[in-house]
Amino acid sequence: KNILISITTAIVVVLIVYAGFLYVTAGTNEDNAKKAKTIFTYAMIGLIVAVLSYAIVNIAVGFIN
């Protein structure tokens, strides 16, 4: 179960780097800047969902045991 958190974190880091690259290289292209912001937002939401689901499962297992 810890490996899934590691994989999720790695994917989020890659997406954040990609979004940063798009944002920096966007220049006057507003579409790329908007795309970068959207990717960053979704990456953060995905990370929050993954961490919260991991915490909820661990709390539930703690109550069961």
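Conventions adopted
Residues numbered from 1 in each chain as written. Predicted model: local features only at pLDDT ≥ 70, side-chain atom pairs only at ≥ 80, totals over all residues. Heavy atoms only, no water. Helix = DSSP H or I, 4+ residues; strand = E, 2+ residues; numbered from the N terminus. Expected span 1.5 Å × (residues − 1). Buried < 20%, exposed > 50% of the residue type's maximum accessible area, 1.4 Å probe, protein only. Contact = heavy atoms within 4.5 Å. Polar contact = N/O pair within 3.5 Å; in protein donor to acceptor, adjacent residues only side chain to side chain. Axes fitted to C-alpha atoms, helices over the stretch in contact; angles between N-to-C directions. Parallel < 35°, antiparallel > 145°, perpendicular 65-115°, else oblique. Left-handed = near helix turned anticlockwise from the far one by under 90°. Nonpolar A, V, L, I, M, F, W, Y, C, P; charged D, E, K, R; others polar.

(A) View of helix α2 (residues 30-64). In a regular helix each residue adds 1.5 Å, so 35 residues correspond to 51 Å; α2 covers 51 Å between its end C-alpha atoms and thus fits that length. Among the residues of α2, Ala-33, Ala-36, Ile-39, Ala-43 and Ala-50 are the ones counted as buried. Buried-residue contacts for α2 involve α1 (2-25). Measuring from the side-chain oxygen of the N-cap residue of α2 to the backbone nitrogen of Asp-31 gives 3.1 Å; that N-cap residue is Asn-29.

(B) Here's a closer look at the environment of Ile-56. Within the secondary structure layout, Ile-56 lies in helix α2. The exposure class of Ile-56 is exposed, given its relative accessible area of 57%. As for Ile-56 and Met-44, which are separated by 12 residues in sequence, their C-alpha atoms are 18 Å apart.

(C) Representation of the packing of α1 against α2 within the structure. The geometry of α1 relative to α2 is characterised by a closest axis approach of 8 Å and an angle of 165° between their N-to-C directions. In terms of axis orientation, α1 runs roughly antiparallel to α2. The hand of the α1/α2 crossing is left-handed. Residues Asn-2, Ile-5, Thr-8, Val-12, Leu-15, Ile-16, Tyr-18, Ala-19, Leu-22 and Tyr-23 of α1 form the contact with α2, whose own contacting residues are Asn-32, Ala-33, Lys-35, Ala-36, Lys-37, Ile-39, Phe-40, Ala-43, Met-44, Leu-47, Ala-50 and Tyr-54. A class-by-class count of the residues in the contact of α1 with α2 yields 17 nonpolar, three polar and two charged.

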